[in-house]
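Descriptive structure summary
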Amino acid sequence: MTVHFIGAGPGAPDLITVRGLRLIERCPVCLYAGSLVPQAVVKAAPADAIVRDTAPMTLDEIIAAIEAAHARGQDVARVHSGDPSLYGAIAEQIRRLDGLGIPYDITPGVPAFAAAAAALKLELTVPEVCQTVILTRTAMQSSAMPIGEELSTLGHSGATLAIHLSVRNIPHIQRELTPLSAYGEDCPAIIAYRVGWEDEAFIRTTLSALHRAAREAKLTRTALIFVGRALGATDFIDSKLYDANHVHVLRPKRKAPKAR
């Protein structure tokens, strides 16, 4: 018996990995985060499978369901949205499973920031503009941010910021980032709402207009916020990757043709 933590991707049912889908198709128990995992994904479970939405369940209740499956010798598909390594709350489940001696593995999924960049036709790392992406969040009713991970600190990097779970905390984002030289009022910002779902929406704006844009669209949840100069970059150099003058092991220097 194994508990399979599976990343279902951001919303579109066809963005789940082949491995993840095949595990769901064969597991007799499927526990899924119903508020964020599309029904089409869990419908792939066997017709006689036990399928439970964990959104209204506590951690103790989830672990109890897994223990019951373990006692029956049944594999469990534990399906999370996006990639389970990001804000998936799997660490606390894994800690419990380790204590109980219940085996598990993890199948990665497409994270929302990657799916959003694809839908927006963006590269988040643009040569000589930005070569770093920081995935972070802000603190509201959830656990506090560790010391040193405040936006005002992270913002000194000038990185492309992918800010999760913070659409109701935009004034704080603006206060933290606007004074920084790497960003400022005119810095490009994007709100990515319900990435991968049928009603997905993207709002391109600036850091100074970010709060107004979210209020006008009446967005209060399920949105990812990007901030960074790479989002609007057009005047940048070509990378060295395909530069004809750049020599590397897979494209060695070509010999000059012999004179005739």
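An unreviewed UniProt entry annotates the protein as Precorrin-4 C(11)-methyltransferase of Jiella flava. In its Sequence similarities (unreviewed entry) section, the UniProt record describing the protein reads: "Belongs to the precorrin methyltransferase family." Recorded in UniProt under Pathway (unreviewed entry), the annotation for the protein is "Cofactor biosynthesis; adenosylcobalamin biosynthesis."

Right, let's talk about the pairing of strand S1 (residues 3–7) for a bit. The buried fraction of S1 is high, at five of five residues. What you see with S1 is no split at all: Val3, Phe5 and Gly7 on one side and His4 and Ile6 on the other are buried throughout. With five bridges connecting them, S1 and strand S4 (residues 76–80) associate as parallel partners. Bridge assignment links isoleucine 6 to a residue of S4, and that residue is valine 79. Pairing between S1 and strand S5 (residues 104–107): four bridges, direction parallel. By the bridge assignment, phenylalanine 5 is partnered in S5 with isoleucine 106.

Looking now at helix H7 (residues 170–177). Within H7 the residues assigned to the buried category are Ile170, Ile173, Gln174, Glu176 and Leu177. Angular distribution of buried residues about the axis of H7 spans 165°; they occupy a single face of the element. If you follow the buried residues of H7, they end up packed against helix H6 (151–154), strand S7 (160–164), helix H8 (210–216) and strand S10 (223–227).

The next thing to look at is the sheet that holds S5. An order of S3-S2-S4-S1-S5 is seen for the five strands of this open sheet, with the pairing classed as parallel. Taken across any chain shown, the strands that pair with only one partner, and hence form the sheet edges, are strand S3 (50–53) and S5. If you compare each strand with its neighbour and ignore which way they point, the axes differ by 15° on average. Summarising the sheet, strand S2 (residues 29–32) and S4 pair through four bridges and their orientation is parallel. The residue of S4 that forms the bridge with valine 29 is valine 76. Lying over the sheet, helix H1 (residues 18–26) contacts S1, S4 and S5, oriented at roughly 135° with respect to S1.

Comment: phi is negative for the bulk of residues other than glycine, and the bulk of peptide bonds are trans. Phi at lysine 218 is positive, roughly 55°, even though this residue is not glycine. Take lysine 218: it is sitting in the loop between H8 and S10. If you check the backbone angles, threonine 222 has positive phi at about 55° while not being a glycine. With respect to the helices and strands, threonine 222 occurs in the loop between H8 and S10.

To continue, consider the nonpolar core. Of all hydrophobic cores here, the largest spans 23 residues; its most connected members are Ile163, Leu177, Tyr183, Leu207 and Val227. When residues of this core are traced back to their parent elements, those giving at least two are H6, S7, H7, strand S8 (188–193), H8 and S10. Excluding anything up to four places from it in sequence, tyrosine 183 contacts Gly155, Ser157, Gly158, Ala159, Leu161, Leu177, Leu207, Val227, Gly228 and Arg229. The next biggest cluster of nonpolar side chains, apart from the first, holds 16 residues, and it includes Ile6, Ala33, Val42 and Ala77.

This part is about the packing of aromatic side chains. Applying the stated rule across the entire model yields one aromatic pair. Ring plane angle 80° and centroid distance 6.2 Å describe the contact between phenylalanine 5 and tyrosine 104, whose orientation is recorded as edge-to-face. One end of the pair, phenylalanine 5, is in strand S1; the other, tyrosine 104, is in strand S5, and 99 residues separate them in sequence. The ring of tryptophan 197 carries the charged tip of arginine 194 above its face, separated from the ring centre by 4.3 Å.

Looking at where threonine 160 falls in the secondary structure, it is placed in strand S7. Given the relative accessible area of 0%, threonine 160 is considered buried. Reaching out from threonine 160, the side chain makes a polar contact with the backbone oxygen of leucine 124 at a distance of 3.0 Å. Beyond its immediate stretch of four places on either side in the chain, threonine 160 contacts Leu124, Cys130, Thr132, Val133, Ile134, Val227, Ala230 and Leu231.

Cut-offs applied
- Residues numbered from 1 in each chain as written.
- Predicted model: local features only at pLDDT ≥ 70, side-chain atom pairs only at ≥ 80, totals over all residues.
- Heavy atoms only, no water.
- UniProt positions renumbered as here; feature names shortened; annotations may be inferred.
- Buried < 20%, exposed > 50% of the residue type's maximum accessible area, 1.4 Å probe, protein only.
- Helix = DSSP H or I, 4+ residues; strand = E, 2+ residues; numbered from the N terminus.
- Pairing = 2+ DSSP bridges.
- Arc of directions from axis to C-beta.
- Contact = heavy atoms within 4.5 Å.
- Axes fitted to C-alpha atoms, helices over the stretch in contact; angles between N-to-C directions.
- Core = buried A, V, L, I, M, F, W, Y, C linked by side-chain atoms within 4.5 Å.
- Phe/Tyr/Trp six-rings, centres within 6.5 Å; stacked < 30°, edge-to-face > 60°.
- Lys NZ or Arg CZ within 6 Å of the ring centre and 35° of its normal.
- Polar contact = N/O pair within 3.5 Å; in protein donor to acceptor, adjacent residues only side chain to side chain.

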